[in-house]
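Residue-level structure breakdown
Spelled out from the first residue to the last, the chains are:
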Amino acid sequence: MGTPDVETLRAMTRTFRQLDNRFGGGHARATVSQYLVGEAVPLLRAGRFRDGVRRELFGAVAEMNQLAGWMAYDVGDVDAGRKHLRQALRLCKDVGDDALAAEMLAGMSHHAAFFRSPLVAVDLARGARDSASRTGLGVLQAEAAVMEAHGLALQRDSRKAVAVLREAEALFSAAEGSSVPEWLGYFDAAYLAAKFAHCFRDLGRSDEAEGFARRSLEMSEGYERGRLFNTALLASILADQRRVEEACEVGLAALRMAVNLNSVRTVTYLADVAARLAPFAGEPVAGELFAEMRAMGIVGSAEGQDV
């Protein structure tokens, strides 16, 4: 076993990740799971590695586990998502890969925040920051910091959350132009802006959140699901500001992006917009949006959900 085996794994993960970003976790999840069990894991058990290959192989299988975990979360299979990310973290720790371990912990923090477990989110983010601090990767440290800030924002700790956001911004700015691992390439200025928007929205500071949400839409091509998330985020912020017509217009744009996405998380984001607009359901523009949401199964049982 040698480098070509590792490169094959990474190429497959790259392809699956592109599909996931464009179409949601439901489209290729079964294929990824089959490849992981049938092709990737058996390589770990082979036990025969050329010099230097073991670390790379464990990292490549960890990346595929991470992707499988995100896909599982994306379709609502929380237990499987948690299992995959924990397995990825174990693989990273087995070979002392602090950078990839930090990425796994940051992802776990992200999920904890999504499921409104702020104490867990902060704890995992601080673990990610500890690992990231040993890597010299400023972008990775910024990611871990902004995850901690989101957990603090969910706790309504404005002072600490804003202080950590400033740290994240400084770390990201200092790392501008530096090279990052391929698996961290998604974390750019638009992604950071989206996390800032989440934080300020959850702190009840919608005016500040709006600017960051608009900045988050200046994102790279190929991240259709992420664009929907960020568009729905902006709609939720506008709804909080009682700018109903604008919120409905942006919400409708997000809704129409969902047509080709197989993702439970997209439903959650859109249901959140509906919940924030519920007080204005009597207004014609909101009624039109709700009608389209009902037709797509977004509202109904999900309406009023606290996301």
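Preceding block: the structure.
Basis of the calculations
- Residues numbered from 1 in each chain as written.
- Predicted model: local features only at pLDDT ≥ 70, side-chain atom pairs only at ≥ 80, totals over all residues.
- Heavy atoms only, no water.
- Helix = DSSP H or I, 4+ residues; strand = E, 2+ residues; numbered from the N terminus.
- Contact = heavy atoms within 4.5 Å.
- Phe/Tyr/Trp six-rings, centres within 6.5 Å; stacked < 30°, edge-to-face > 60°.
- Buried < 20%, exposed > 50% of the residue type's maximum accessible area, 1.4 Å probe, protein only.
- 1 Å grid on protein atoms, 1.4 Å probe; cavity = no way out; pocket = protein on both sides within 12 Å on 5 of 7 lines; lining within 4 Å.
- Points joined across faces, edges and corners; volume = space filled by probe spheres on them.
- Nonpolar A, V, L, I, M, F, W, Y, C, P; charged D, E, K, R; others polar.
- Salt bridge = Lys/Arg side-chain N within 4 Å of Asp/Glu carboxyl O.
- Axes fitted to C-alpha atoms, helices over the stretch in contact; angles between N-to-C directions.
- Parallel < 35°, antiparallel > 145°, perpendicular 65-115°, else oblique.
- Left-handed = near helix turned anticlockwise from the far one by under 90°.

**Quick notes on the environment of Gly25**
Note on placement: Gly25 falls in helix α2 (residues 25–46). The spatial distance from the C-alpha of Gly25 to the C-alpha of Asn262 is 6.3 Å, given a sequence separation of 237 residues. Residues within four places of Gly25 in sequence aside, it is in contact with Asp20, Met71, Asp74, Val75, Arg225 and Asn262.

**Considering the packing of aromatic side chains**
Per the stated rule, a full pass over the model turns up 11 aromatic pairs. Taking 6.4 Å as the distance between ring centres and 85 degrees as the angle between the ring planes, the aromatic pair formed by Tyr186 and Phe187 counts as edge-to-face. The buried category is assigned to Phe187, whose relative accessible area is 4%. Aromatic side chains Phe200 and Phe212 sit 5.7 Å apart centroid to centroid with 10 degrees between the ring planes, which places their arrangement in the stacked category. You can see Phe200 sitting in helix α9 (residues 189–202) and its partner Phe212 sitting in helix α10 (residues 206–216), a full 12 residues away along the chain.

**Overview of the layout of surface pockets**
Space inside the largest pocket adds up to approximately 960 Å³. Lining the largest pocket are 41 residues, and of these Asn21, Tyr186, Tyr191, Tyr223 and Arg225 sit closest to its centre. Looking at the lining of the largest pocket, the elements with two or more residues in it are α1 (3–23), α3 (53–74), α5 (98–114), α9, α11 (224–240) and α13 (264–277). Looking at the lining of the largest pocket, its residues break down into 18 nonpolar, 11 polar and 12 charged.

**Some details on the pattern of salt bridges**
Oppositely charged side chains can pair when the atoms bearing their charge come close. Tallied over the entire structure, the rule returns 25 salt bridges. A salt bridge links Asp74 to Arg265; its shortest N-O distance comes to 2.8 Å. Taken together, the residues Asp74 in helix α3 and Arg265 in helix α13 connect sequence positions 191 residues apart. For the pair formed by Asp74 and Arg265, the shared burial category is buried. As a salt-bridge pair, Arg256 and Glu292 come within 3.0 Å of each other at their nearest N and O atoms. Separated by 36 residues along the polypeptide, Arg256 in helix α12 (residues 244–257) and Glu292 in helix α14 (residues 284–295) bring together distant segments of the chain. A relative accessible area of 30% places Glu292 in the partly exposed class. Sharing partners across several salt bridges, the network here consists of Arg116, Arg201, Asp202, Asp240, Asp272 and Arg276.

**Focus: the packing of helix α7 (residues 138–154) against helix α8 (residues 158–174)**
The geometry of α7 relative to α8 is characterised by a closest axis approach of 8 Å and an angle of 165 degrees between their N-to-C directions. In terms of their interaxial angle, α7 and α8 are classed as roughly antiparallel. Once α7 is placed against α8, the crossing between them reads as left-handed. Residues Gly138, Val139, Gln141, Ala142, Ala145, Val146, Glu148, Ala149, Leu152 and Ala153 of α7 pack against Lys160, Ala161, Val164, Leu165, Ala168, Leu171 and Phe172 of α8.

**Here's the deal with unusual backbone geometry**
Positioned with a positive phi, Arg156 is a non-glycine residue whose angle comes to about 65 degrees. Residue position: Arg156 is located in the loop between α7 and α8. Given the relative accessible area of 58%, Arg156 is considered exposed. Positive phi, close to 65 degrees, is recorded for Arg242, a residue that is not glycine. Structurally, Arg242 is set in the loop between α11 and α12.

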